[in-house]
Amino acid sequence: SPMIAAAVNAASSHFAEQDDVHNSSVFHPAAVVIPPALAVAQAIGASGRDLVTAIVAGYEVGIRVGEFLGRSHYQTFHTTGTAGTIAAAAAVGRLLGLSGDRMQHAFGSAGTQAAGLWEFLRDAADSKQLHCAHAAASGLAAAHLSHAGLTGARRIFEGPQGMAAGMSTDSDPARLVDRLGSRWALAETSFKFHASCRHTHPAADALLSVMTKERLKADHVARVTARVHKGAIDVLGPVTDPQTVHQSKFSMGTVLGLIAIHGRAALTDFDRDFRDPKVMSFRERVHMELDDEVDSAYPVRWIGKVTVETTDGRRLEGRVDVPKGDPGNTLERHELEDKAIRLGTYRGGATEAEMHSVIARVWALARAPGVTRWLEATRDEKTVVGRR
């Protein structure tokens, strides 16, 4: 069903830590917007243009809800799970042609189901993917139920017992309609370059710049101090000895260890090397420290600063003002396509030829008369039969 498809694809989209992120809302829109929108578009025979419009609606709403909930919300709640539920409802509601009144009811039903807590990181649990699955499925259901007449809270955002009251201490209702119709928040999203939590990327880029400039090897480094914002400490701080591949992507030391040893932190690097003795040794030489400049710029800007102390006694400073993948330092079209192929073929999900076909369809999506399956049905059916 569309609801199950949305849940499965949302979880899958978040699994590899390669989904996009909007800086000021600290929100991953694609994982919770595109799966429900795609599933419903296929189910109702929507056009490619309709699908694109619905995705834009989901982004614009979800990003603004994330900004509205503020920094205090992110300290405990995973914004992609909470604001993402509203975003999914907006995208599906747009496809279903909900009126303003019906959309408000959909938001009410979505908001009362919004969930996602950071505690999972301490146990190397898999709940982060569940957050996205729940958000996509619940938002889809909320929109369909509203379409059928179910009512929801009209003041789910700012009401005395609404989302802000229970989930935030610094909410700002003005952010919900910030330049609505003139500011396109979708264009502010970043593409992840490294296959890890976005909070690690600024420091990773800063370390890579120092090591490249100074021609350092990992064994030349005695200590690295990553100068970070408070959000990075809140999310990454609990991960001191990662036990799984996914948990290692939230370990600043592991990510910087891969950067120091391989010059990258890619999908297969984590799978193969997160428990490598050299990476683990480097991890123990990495420390995070709150930096006033970095913290005051966050979340609008994600500045990367590191101090590298070398084994021969040098103290080197690295800085990146715009991490790779941000709108001001975005991925080129060929880099986006290469990333899509790596993700699609990862662990045999699709063939490279199939991914080239998907990519061509994505670039032409707005002109497609109808949204159909992305991979050949015969291949899918053969795979299922073979597994049986």
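Structural data are supplied above this passage.
Since this is a predicted model, take the numbers as computed values, not measurements. Starting afresh in each chain, residues are numbered from 1 along the sequence in its written order. Given that this is a predicted model, residues contribute local features only at a pLDDT of at least 70 and side-chain atom pairs are listed and counted only at 80 or more, while totals for whole chains, interfaces and linings are drawn from all residues. Neither water nor hydrogens contribute to the side-chain values; these are computed over all heavy atoms in the structure.

### Brief notes about the pattern of salt bridges
Part 1 of the reasoning: The rule for a salt bridge is simple: a side-chain nitrogen of Lys or Arg has to be within 4 Å of a carboxyl oxygen of Asp or Glu. Across all of its chains, the model carries 34 salt bridges by this definition.
Part 2 of the reasoning: Between R264 and D269 there is a salt bridge, with the nearest N and O atoms lying 2.9 Å from each other.
Part 3 of the reasoning: Residue D321 pairs with R301 through a salt bridge whose shortest N-O separation is 3.5 Å. With D321 in the loop between strand 6 (315–320) and helix 15 (333–345) and R301 in the loop between helix 14 (292–297) and strand 5 (304–310), this residue pair connects regions lying 20 residues apart in the sequence.
Part 4 of the reasoning: Each of E67, R175, D178, R179, R183 and E188 takes part in salt bridges that share partners, so that together they form one network. Secondary structure elements are taken from DSSP: a helix is a run of H or I of four residues or more, a strand is a run of E of two residues or more, and numbering for both begins at the N terminus.

### Section: the sheet that holds strand 6
Part 1 of the reasoning: Reading across the sheet, the four strands line up as 4-3-5-6 and stay open at both edges, with mixed pairing between neighbours. Edge positions in the open sheet fall to strand 4 (286–290) and strand 6, since each of these has one partner strand only. Geometrically, the sheet is characterised by an average inter-axis angle of 20° between neighbouring strands, direction not taken into account.
Part 2 of the reasoning: Pairing between strands is defined by DSSP: at least two bridges between them are needed. The sheet contact formed by strand 3 (residues 221–228) and strand 5 spans six bridges and is antiparallel. Each residue of the ladder has a partner; that of V221, found in strand 5, is T310.
Part 3 of the reasoning: Whether two residues touch is decided by their heavy atoms; if any such pair falls within 4.5 Å, the residues are in contact. As a rule, the C-alpha atoms of each element are fitted with a line to give its axis, helices using only the stretch in contact, and angles between N-to-C directions run from 0 to 180 degrees. Here helix 8 (residues 201–214) sits on the sheet in contact with strand 3, strand 5 and strand 6, set at roughly 130° to strand 6.
Part 4 of the reasoning: Against the sheet, helix 11 (residues 252–262) contacts strand 3 and strand 4, and its axis sits at roughly 120° relative to strand 4.

### Description of the nonpolar core
Part 1 of the reasoning: Grouping buried Ala, Val, Leu, Ile, Met, Phe, Trp, Tyr and Cys residues that are joined through side-chain atoms within 4.5 Å yields what is termed a nonpolar core. Relative accessibility decides the category of a residue: with a 1.4 Å probe and only protein chains considered, values under 20% of the type maximum give buried, values over 50% give exposed, and everything between is partly exposed. Counting 53 residues, the largest nonpolar core has L51, F107, F157 and M163 as its most contacted members.
Part 2 of the reasoning: If you list the elements that add at least two residues to this core, you get helix 1 (2–15), helix 2 (29–44), helix 3 (48–76), helix 4 (79–95), helix 5 (100–111), helix 6 (127–147) and helix 7 (163–167).
Part 3 of the reasoning: Within the second largest apolar cluster, 44 residues are counted, among which are M211, V255, A260 and V279.

### Here's the deal with helix 11
Each turn of an α-helix holds 3.6 residues, which means side chains three or four residues apart point in the same direction.
Part 1 of the reasoning: By the criterion of burial, helix 11 is predominantly enclosed, with nine of the 11 residues buried.
Part 2 of the reasoning: M252, G253, T254, V255, L256, G257, L258, I259 and A260 are the residues of helix 11 that are buried.
Part 3 of the reasoning: Backbone geometry just after helix 11 places G263 at a positive phi near 75°.

### Focus: helix 1
Part 1 of the reasoning: Helix length check: helix 1 (14 residues) gives 20 Å between terminal C-alpha atoms against 20 Å at 1.5 Å per residue, within 8%.
Part 2 of the reasoning: Along helix 1, the residues classified as buried are A6, A7, A10, A11 and H14. Axial view of helix 1: buried residues confined to an arc of 120°, hence all on one face.
Part 3 of the reasoning: Residues of helix 1 that are buried in the fold lie against helix 2 and helix 6. For a helix, the expected span equals 1.5 Å multiplied by the number of residues minus one. Directions from the helix axis toward the C-beta atoms define the arc.

### As for the side chain of S146
Part 1 of the reasoning: Relative to the helices and strands, S146 is located in helix 6.
Part 2 of the reasoning: Judged by its relative accessible area of 1%, S146 falls in the buried class.

### Regarding the state of the cysteines
Part 1 of the reasoning: Count a disulfide wherever a pair of cysteine sulfur atoms falls within 2.5 Å. A full pass over the atoms with the stated rule returns zero disulfides.
Part 2 of the reasoning: Not engaged in a disulfide, the cysteine C132 finds its nearest cysteine sulfur in C197; these two sulfurs lie 13 Å apart.
Part 3 of the reasoning: For C132, a relative accessible area of 0% corresponds to the buried category.

### As for the environment of F107
Part 1 of the reasoning: Here F107 lies in helix 5.
Part 2 of the reasoning: On a C-alpha basis, the gap between F107 and V308 in space is 47 Å, while along the polypeptide they are 201 residues apart.
Part 3 of the reasoning: Contacts of F107, omitting those with residues within four sequence positions, involve V61, I86, A89, A90, I156 and F157.

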